[in-house]
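# A look at the structure
Each chain, written out:
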Amino acid sequence: MEITTTLVKKMIDTQFPEWSNLEVRPVAKSGHDNRTFHLGNKMVVRLPSGSDYVPQVEKEARWLPFLAKYLSLPISNPIAVGKSSEDYPFIWSVNSYLDGETVNEDNISDKSHFAKELASFLRELQSIDTTGAPEAGEHNFFRGASPEVYSHQVYAALEAHKHDLPTGKFRIVWEQAISSKWEHLPVWIHGDVAPGNLLVKNGSLCGVIDFGIMGIGDPACDYAMAWTFFDEKSRKCFLQGLDKDTVDRARGWALWKALITYTDTNKTVAENANHTLNEILTEFDKSY
């Protein structure tokens, strides 16, 4: 399904005529789960790209205002929920625009400092009351559950790449990841802690967006960025204070995603997967 500026403009004009005078234009870099458009200078429109992502809309509308009260950084702020129509079959949302650049290698001044900022945000998130919150499941692709839910994909990938990857080492990493469970009460998780969802200004973390696969459970999945983005020094800062089992499960989440996207047709995705596998392998070789 093609989601165009013309389509979004029509839905705004029809359902929210008070905003019909505002320009609609695509954001520079849209995500996978949603197609995102600027609405004027202070709002963004987010439309699920498929039926699997529709539950995210109501979940964000319900829970993000609650979470925002307890977080020191700005997060996504839903303003309105749009209805399905003959032109677009799903509900969709209008959110406040958060200023900042998505993080990359060039716009942060110190990776270790940024790692500490992000870790602090996650600790804040994990401290918020979880009463009535959505537990890990299909609605968030099992983020917050044990990485073991994806064992079948990992073992299939290891078999498929046994001639071009050191799969014996990766198998050890994976089996270590799934050998433990989160033994504490469930905590809030973002579910997709990745550069595209982290905003920076002047080299520092200034906002967090796209909570579509949030839920409660094991926080390990929120630390996979330790291997997908951080280097050895900043990784230690990011993971500081976590127990070994949680770190092992976090590494498992990073390994799973890298293995299943290692040969992705999108060159950038495949390169990121290769980078992650190299980070995990380098760390493994130093430990064994």
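Here the structure is shown first, and the text comes after it.
A short tour of the structure in this document, coming up. This one's a predicted model, so the numbers in the text were calculated from it and none came from an experiment. By convention here, each chain's residues receive numbers from 1 onward along its written sequence. Residues qualify for local features only when their pLDDT is at least 70, as the model is predicted, and side-chain atom pairs are given and counted only at 80 or more; totals for whole chains, interfaces and linings, by contrast, use all residues. Side-chain numbers here rest on the full set of heavy atoms in the structure, without hydrogens or water.

### What about the environment of Pro74?
The following threshold applies: By definition, any uninterrupted DSSP run of H or I lasting at least four residues is a helix, any uninterrupted run of E lasting at least two residues is a strand, and each is numbered from the N terminus. In this description, contact between two residues means that some pair of their heavy atoms is separated by no more than 4.5 Å.
As for its position among the elements, Pro74 is in the loop between α2 (55-68) and β4 (78-82). For the pair Pro74 and Gln56, spaced 18 residues apart in sequence, the C-alpha separation works out to 19 Å. Setting aside residues no more than four positions away along its own chain, Pro74 makes contact with Leu98, Cys206, Gly207 and Val208.

### Concerning the packing of helix α3 (residues 111-126) against helix α7 (residues 232-239)
Filter applied, for reference: Under this scheme, a helix contributes an axis fitted over its contacting stretch, all axes are lines through C-alpha atoms, and angles between N-to-C directions fall in the 0 to 180 degree range. The scheme is simple: roughly parallel for angles under 35 degrees, roughly antiparallel for over 145, roughly perpendicular for 65 to 115, oblique for anything else. Put simply, a crossing is left-handed when the front helix is turned counterclockwise from the back one by less than a right angle, and right-handed when it is turned clockwise. Under the convention adopted here, Pro, Cys and the residues Ala, Val, Leu, Ile, Met, Phe, Trp and Tyr are nonpolar, Asp, Glu, Lys and Arg are charged, and Gly plus all remaining residues are polar.
Contact geometry of α3 with α7 gives a least axis separation of 8 Å together with a crossing angle of 20 degrees. Here α3 is positioned roughly parallel relative to α7, judged by the angle of their axes. Both α3 and α7 take part in a crossing whose hand is right-handed. Touching Lys111, Ser112, Ala115, Lys116, Leu118, Ala119 and Leu122 of α3 are Lys233, Ser234, Cys237 and Phe238, all from α7. Looking at the contact of α3 with α7 residue by residue, the classes come out as six nonpolar, two polar and three charged.

### Some words on unusual backbone geometry
For clarity, the threshold we go by: Burial classes follow relative accessibility: with a 1.4 Å probe on protein chains only, a residue under 20% of its type's maximum area counts as buried, one over 50% as exposed, and anything between as partly exposed.
Despite not being glycine, Phe141 shows a phi value in the positive range, around 55 degrees. Tracing the chain through its elements places Phe141 in the loop between α3 and α4 (151-160). Residue classification places Phe141 among the partly exposed positions, given a relative accessible area of 25%. With phi around 55 degrees, Asp210 is a residue other than glycine that occupies positive phi space. On the secondary structure map, Asp210 appears in the loop between β9 (204-208) and β10 (215-217).

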